[in-house]
Amino acid sequence: DGGITQSPKYLFRKEGQNVTLSCEQNLNHDAMYWYRQDPGQGLRLIYYSQIVNDFQKGDIAEGYSVSREKKESFPLTVTSAQKNPTAFYLCASSIVPGAGETQYFGPGTRLLVL
Amino acid sequence: GEDVEQSLFLSVREGDSSVINCTYTDSSSTYLYWYKQEPGAGLQLLTYIFSNMDMKQDQRLTVLLNKKDKHLSLRIADTQTGDSAIYFCAESIRGNNRLAFGKGNQVVVIP
């Protein structure tokens, strides 16, 4: 059963704490993406990775970090430098990067600040 | 630059047709997409259209593309309660490895 999984479904962060959101795909896709969704604002790109061991900043990368050590995995760390982390985080992947390559999304992780 | 705009809210009676509109600014778009998001879930790809097409039909879904006005629409025929969701349009740009998303259009189907 192929797809993209994200965990956990809900995550609580204390002030000053770093937290890591997991994203795994078994679709053999090269490219992976992280988006942040706030109410009424659509999706904003945080980071994306076109290939293992390489990634690029998106539009709102400040306060976030990523790694891409394996093709299947693209974890996102929300650092203490991100002052407003409460949002719904969506991971996506596509076969290869580039225009015309459809992105497929995971179920999302909702991050809440205590 | 990339800028995708959508209206925010639409209510429709069950069985009627619903039309969701989207405008985009970048004329070098290659593909345009419609995604559906149900409450608390990720985005589900509904359909897409290549920029050299005017129309695409897929069961109850019809996508119309007006390249001159940079206007994209999604028509859902025989709208059902399961169609209640947020609908996002998105464009991909030639030479760019990203999608630009609109802010979404909330569709509420009234039984």
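Check the entry above for the structure.
Residues numbered from 1 in each chain as written. Chains lettered and ligands numbered in written order. Predicted model: local features only at pLDDT ≥ 70, side-chain atom pairs only at ≥ 80, totals over all residues. Heavy atoms only, no water.

**Notes on the overall build of chain A**
- A tally of regular secondary structure across chain A gives 0 helices and 11 strands.
- Mapped in sequence order, the helices and strands of chain A form the string β-β-β-β-β-β-β-β-β-β-β.
- Relative to a compact globule of 114 residues, whose C-alpha radius of gyration would be 13 Å, chain A shows 13 Å and is just as compact.
- In terms of its C-alpha atoms, chain A occupies a principal-axis envelope of roughly 35 × 30 × 30 Å.
- Taking contacts inside chain A between residues at least 6 apart in sequence as the whole, the part at least 24 apart equals 53%. (Helix = DSSP H or I, 4+ residues; strand = E, 2+ residues; numbered from the N terminus. Rg over C-alpha atoms; globule rule 2.2 N^0.38 Å. Contact = heavy atoms within 4.5 Å.)

**A look at the nonpolar core**
- Within the largest apolar cluster, 21 residues are counted, with the highest numbers of intra-cluster contacts made by I20, W34, L72, L74 and Y87 of chain B.
- Where this core is concerned, the elements lending two or more residues are β3 (18-24), β4 (29-37), β5 (43-50), β7 (61-66), β8 (71-76), β9 (85-93) and β11 (105-110) of chain B.
- When sequence neighbours within four positions are dropped, the list of residues in contact with L72 of chain B reads I20, N21, C22, L32, Y33, W34, I49, V63, L64, L65 and C89 of chain B.
- Counting residues in hydrophobic clusters, the runner-up holds 20 residues, among them C23, Y47, Y89 and L111 of chain A. (Core = buried A, V, L, I, M, F, W, Y, C linked by side-chain atoms within 4.5 Å. Buried < 20%, exposed > 50% of the residue type's maximum accessible area, 1.4 Å probe, protein only.)

**Observations regarding the side chain of S73 of chain B**
- By the secondary structure assignment, S73 of chain B is in strand β8.
- Here S73 of chain B is in contact with V19, I20, N21, W34, T62, V63 and L64 of chain B, once residues within four sequence places are set aside.

**Points about the interface of chain B and chain A**
- Opposite the 23 residues of chain B that make contact, chain A presents 26 residues.
- The contact between chain B and chain A buries some 1700 Å² in all, and 55% of this surface belongs to carbon and sulfur atoms.
- The tally of links from chain B across to chain A stands at 0 salt bridges.
- Across the contact surface, chain B and chain A share 3 residue pairs in polar contact (both at pLDDT 80 or more).
- In terms of residues, the side of chain B that touches chain A owes the most to one element, β4 of chain B, which gives 5 residues.
- Within the side of chain B that touches chain A, the residues separate by chemical class into 11 nonpolar, 9 polar and 3 charged. (Buried area = accessible area lost by both parts, 1.4 Å probe. Salt bridge = Lys/Arg side-chain N within 4 Å of Asp/Glu carboxyl O. Polar contact = N/O pair within 3.5 Å; in protein donor to acceptor, adjacent residues only side chain to side chain. Nonpolar A, V, L, I, M, F, W, Y, C, P; charged D, E, K, R; others polar.)

**Focus on the packing of aromatic side chains**
- Using the criterion set out here, one finds 14 aromatic pairs over all chains in the structure.
- On the basis of an interplanar angle of 80 degrees and a centroid distance of 5.4 Å, the ring pair of Y35 of chain A and F101 of chain B is categorised as edge-to-face. Of this pair, Y35 of chain A sits in strand β4 (residues 31-37) while F101 of chain B sits in strand β10 (residues 99-101), which puts the two residues in different chains.
- On the basis of relative accessible area, Y35 of chain A is assigned to the buried category, the value being 1%.
- Of the residues examined, F101 of chain B reaches a relative accessible area of 11% and is grouped as buried.
- Three or more aromatic residues joined by ring pairs make a cluster, and in this case those are Y33, Y35, Y48 and F105 of chain A together with Y31, Y33, Y35, Y48, F50 and F101 of chain B.
- One Lys or Arg, R68 of chain A, reaches over the ring of F74 of chain A and ends 6.0 Å from the middle of that ring.
- Positioned above the aromatic ring of Y48 of chain B, the side-chain terminus of K56 of chain B is 4.1 Å from the ring centre. (Phe/Tyr/Trp six-rings, centres within 6.5 Å; stacked < 30°, edge-to-face > 60°. Lys NZ or Arg CZ within 6 Å of the ring centre and 35° of its normal.)

**Digging into the state of the cysteines**
All names here are of chain A.
- Taken as a whole and assessed by the stated rule, the structure comprises 2 disulfides over all chains.
- Between the sulfur atoms of C23 and its disulfide partner C91 the distance amounts to 1.9 Å. Between C23 and C91, the S-S dihedral sits near -75 degrees, and the bridge is therefore left-handed. Taken together, the positions of C23 in strand β3 (residues 19-25) and C91 in strand β9 (residues 87-94) put the pair 68 residues apart, joining distant regions of the chain. The residues C23 and C91 share a single accessibility class, namely buried. (Disulfide = S-S within 2.5 Å.)

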